[in-house]
Amino acid sequence: MSHYCTKRSFFSSVLISFIFFIFFASSANAEPIVITPNDGIDVILAIDTSGSMRTTDPERIALEAAMLFMDMMETRHSRIGIIGFSSEVHSVMPLTPINDPVIRNTIRETVSAFEYQGWTDIGKALRYAAQMLLDDPEPENSPMILLFTDGRIELPDWYERSIEISYDDAWWAVDNVGDFAAIYTIGLNYDNTLNIEFLEEIANRTSAASYIIEQAALLPQIFNAIFASHIRSSITELATFIADGEAFVDVIIPIPSPFVAEANIIMLSTQPIDSIRLFSPDGNEVYFDDYMYTLTTANRYSMAKIISPMVGDWLLSVRGLPEDYITVNLIYNYDVDVSFSITQESMRGTFFDPNSPIRVQASFITPLSIAQIQTLFAESIAELHVFDLDFNLLEILPMAHSGAAFTVNFTPSIPQDVRINIHVQHPNFYQTTAFVTIHYEPSPEPETVPITEPETEPNTEAMQETTPAPVTYPEQTQPPIVEELSEGSNRITILAFFGIAVSLITIITLLLHNYKKPRLFKGHLEIRALLHDGKYTSLEVPDLSTFAKRISLREFIDVSLGNKAARIFETKIPIGETYIQPGVQNNRPVLILTTNGACYITDADGHAILQKKFVWEKDFELIFSIVDSPVCIEITYRINNN
């Protein structure tokens, strides 16, 4: 870990402490609950490979559907783990990043090699899956388990494990990860042997969903729906048609706004699709390179993914086999997330007071500028949705916005535990947040208050046990009120302001410290040049972490590559006035690139970078060239995985 990341974490901790003390001073008993979205997904796919699957899924569609789920996942941060199970757990792949196409192909090969044989031990598989999440957590990712089976727990009498032990392991998994990981269940009830109630209870107890089907052909649609549900996006059906085996069918793929981070185009079919072509809004055909444009094909589906797509109407051209029934769906992964906080002044520990309003506040997390974010608020509508614990909708409350946050206060009409989430509707996208459960404090039994004489000294200790001392802001004309505050309340107030003072001093010290020590780079650059003879130089990967402050690209290449830099400089591209410096956006390291326009800069698709200051994110390639010249320098920013 770099010094910069260490300092950033320390600074974040201090800042959080400062915010806590500020909040504590204004409400000594209230602490906000903050819910933030996650970067990627950590999914464990637990797939039933028992012998009965040879009958229920002879075409092995379940294995294809599992790979469809991986193909739809966000690739930059997500991880996948694989468990094949029958009476034993086999082919276990630990949580593995999927940002490399070679790794994704390895996962496909692993799953496609599964053999259908043996009995069914669902409990063992769930316990393995839960333990994988517990042993290798990634706080920035949203964890989930996807369990697929075609029956119930079945083990022979002579086997070393009993059915009862298997059920115990299943509930152990639910109890140990159900609070933070959803367990989606898919049941293939081919011969009516499926334990439907068991699968539904697993899903219900982990705030997930259970899907029961009778034919394997529906599995790709189900995996499709689970993915959309988990990332809180929607599925748009763009077209349904029957292919004739000769003509291409054109389907418009709309990218309505720059908020779309990834576009997943899912083509569900009854046969392998013959040919797929994709054209950008400027009319150019794009080629699937496994990085910015990926294409995966199988017997029952094909999927194209566009990463950071250009705004406009893309064109998908599909040719299917004769009589093939093809459905084209679209799921967006957005670059706009919604976080929210829940606050109540009279909250006690984990319980809320049913008689006091709860304040819910939501905001956008996005790389947009402040002005763009304010426009985003103005163009969006937000609602608070309140459900009971069985997810029955109780009420919908509109949220007002100030240009910086959506807010609403609500008090339940009936004092019962509820689940809440926030829905945000924009003309170009729709976002919903995760659910949060609000637990209300049980009403205390009424106490008999003894009648005392006026001159009797009140029992302040008993009063503090039943009623919290309020933080009182006395008027200047009533100084006696200050003297009447309890000793405990005075202590809380003094501690709160002491905490503020300590935090302020720490923050100022840290800021001065950071001012003296410049922020360090993180990661490395991949650099190669296309020379006048039409040949590329060898790929160089100089490390950024030994540099600090602002530096020109020419100086960085010269210093880091030494004699090898001469080949790059043969291009004579004027990069001496193009500078990079380390930065942070959305808590992630980035490069801030500034240029005087001396050279022509484009991305890998040929889109010009016209701004003088550009946020250069990881895995993004920039091409530096001179107009009407064949030579160029290609540079990709990478961040080390360790």
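Rules and cut-offs
Residues numbered from 1 in each chain as written. Predicted model: local features only at pLDDT ≥ 70, side-chain atom pairs only at ≥ 80, totals over all residues. Heavy atoms only, no water. Helix = DSSP H or I, 4+ residues; strand = E, 2+ residues; numbered from the N terminus. Buried < 20%, exposed > 50% of the residue type's maximum accessible area, 1.4 Å probe, protein only. Contact = heavy atoms within 4.5 Å. Areas by Shrake-Rupley, 256 points an atom, 1.4 Å probe, with all protein chains shown as cover. Axes fitted to C-alpha atoms, helices over the stretch in contact; angles between N-to-C directions. Parallel < 35°, antiparallel > 145°, perpendicular 65-115°, else oblique. Left-handed = near helix turned anticlockwise from the far one by under 90°. Nonpolar A, V, L, I, M, F, W, Y, C, P; charged D, E, K, R; others polar. Patch = residues over 30% accessible without salt bridge, like charges linked within 9 Å, V, L, I, M, F, W, Y side chains within 5 Å. Salt bridge = Lys/Arg side-chain N within 4 Å of Asp/Glu carboxyl O. Lys, Arg positive; Asp, Glu negative; His and termini not counted. Charge placed at Lys NZ, Arg CZ, Asp CG, Glu CD. Pairing = 2+ DSSP bridges. Right-handed = clockwise from strand over helix to strand, strands pointing away. Arc of directions from axis to C-beta. pLDDT = per-residue confidence, 0-100. Phe/Tyr/Trp six-rings, centres within 6.5 Å; stacked < 30°, edge-to-face > 60°. Lys NZ or Arg CZ within 6 Å of the ring centre and 35° of its normal. Expected span 1.5 Å × (residues − 1).

Focus on the overall build of the protein chain
Within the protein chain one finds 14 helices and 32 strands. Counting only residues that meet the buried cut, the protein chain has 47% of its 642 residues in that class. For the protein chain, the proportion of contacts with a sequence separation of at least 24, taken over those separated by at least 6, is 72%. Total accessible area on the protein chain stands at roughly 32,100 Å², and carbon and sulfur atoms take up 53% of it.

A look at the packing of helix α3 (residues 61–72) against helix α8 (residues 219–230)
Following both chains from N to C, one finds α3 and α8 inclined at 30 degrees, their axes separated by 8 Å at the closest point. The orientation of α3 with respect to α8, classified from their angle, is roughly parallel. Judged by the twist between their axes, the crossing of α3 over α8 is right-handed. On the side of α3, the interface is formed by Ile 61, Ala 62, Ala 65, Ala 66, Leu 68, Phe 69 and Met 72, while α8 contributes Leu 219, Pro 220, Phe 223, Asn 224, Ile 226 and Phe 227. Residue composition of the contact of α3 with α8, grouped by class: twelve nonpolar, one polar and no charged.

Some details on a negative patch on the surface
Taken together, the side chains of Asp 282, Asp 289, Asp 290 and Asp 605 make up a negatively charged region of the molecular surface. Examined against the element boundaries, Asp 289 turns out to sit in the loop between β12 (285–286) and β13 (293–297).

With respect to the pairing of strand β6 (residues 182–188)
Across the seven residues that make up β6, a large majority, seven, are buried. Neither face of β6 is open: one carries Ala 182, Tyr 184, Ile 186 and Leu 188, the other Ile 183, Thr 185 and Gly 187, and all of them are buried. Across six bridges, the pairing between strand β5 (residues 141–149) and β6 is parallel. Residue pairing across strands places Ile 145 opposite Ile 183, the latter belonging to β6. Considered for its hand, the β-α-β crossover made up of β5, helix α6 (residues 163–177) and β6 is right-handed. Note that β6 and strand β7 (residues 210–213) share four bridges and pair parallel. Each residue of the ladder has a partner; that of Thr 185, found in β7, is Ser 210.

Points about helix α7 (residues 196–205)
Those residues of α7 lying buried are Phe 198, Leu 199, Ile 202 and Ala 203. Looking straight down α7, one finds its buried side chains confined to an arc of 130 degrees; they lie on one side. Relative to its buried face, α7 has exposed residues pointing more than 90 degrees away, namely Glu 197 and Asn 204. Elements in contact with the buried residues of α7: α5 (122–135), β5, α6, β6 and β7.

Details of the sheet that holds β5
Sheet architecture is open: six strands sit in the order β4-β3-β2-β5-β6-β7, paired in mixed fashion. The sheet terminates laterally at β4 (89–97) and β7, the two strands that pair on one side only. Taking each pair of neighbouring strands and ignoring which way they run, the sheet shows an average axis angle of 10 degrees. Sitting on the sheet, α5 touches β2 (40–48), β3 (79–85), β4, β5 and β6, and the angle it makes with β5 is about 170 degrees.

Concerning the confidence of the model for the protein chain
Averaged over the protein chain, the pLDDT score is 79; the fraction of residues at 70 or greater is 80%. For the stretch residues 1–30, pLDDT sits under 50, and the model shows 55 contacts to residues farther than four places along the chain or on other chains. Confidence drops under pLDDT 50 across residues 445–500; counting only partners more than four residues distant or on other chains, this segment forms 30 contacts.

Focus: the packing of aromatic side chains
Evaluated as defined, the whole model comprises ten aromatic pairs. Both rings, one in Trp 158 and one in Tyr 159, keep their centres 6.2 Å apart while their planes meet at 75 degrees; by these two values the pair is edge-to-face. Connected via pairs of aromatic rings, a cluster forms that spans Tyr 167, Trp 171 and Phe 198. Against the face of Phe 569 rests Arg 554, its NZ or CZ located 3.9 Å from the ring centre.

Observations regarding α8
For α8, built from twelve residues, the straight-helix expectation of 16 Å at 1.5 Å per residue is met to within 8% by its first-to-last C-alpha distance of 16 Å. With nine of twelve residues buried, α8 lies mostly within the body of the structure. Taken together, the buried positions of α8 are Leu 219, Pro 220, Ile 222, Phe 223, Asn 224, Ile 226, Phe 227, Ala 228 and His 230.

Digging into the sheet that holds strand β15 (residues 312–319)
Spatial ordering of the open sheet is given by β9-β15-β11-β12, a layout of four strands whose pairing is antiparallel. Sheet topology places β9 (249–255) and β12 at the edges, where each strand pairs with a single neighbour. Pairing analysis gives five bridges linking strand β11 (residues 275–279) to β15, with the strands arranged antiparallel. Across the sheet, the residue bridging to Ser 275 is Arg 319, located in β15.

A closer look at the pattern of salt bridges
Evaluation of the coordinates by the stated rule reveals 18 salt bridges. We note a salt bridge from Arg 79 to Asp 136, for which the minimum N-O separation is 2.9 Å. Taken together, the residues span a long stretch of sequence, with Arg 79 in strand β3 and Asp 136 in the loop between α5 and β5 at a distance of 57 residues. For Arg 79, a relative accessible area of 10% translates into the label buried. A salt bridge links Asp 169 to Arg 127; the nearest nitrogen and oxygen atoms lie 3.0 Å apart. Of this pair, Asp 169 sits in helix α6 while Arg 127 sits in helix α5, and the two are 42 residues apart along the sequence. Looking at Asp 169, the relative accessible area reads 10%, which means it is buried.

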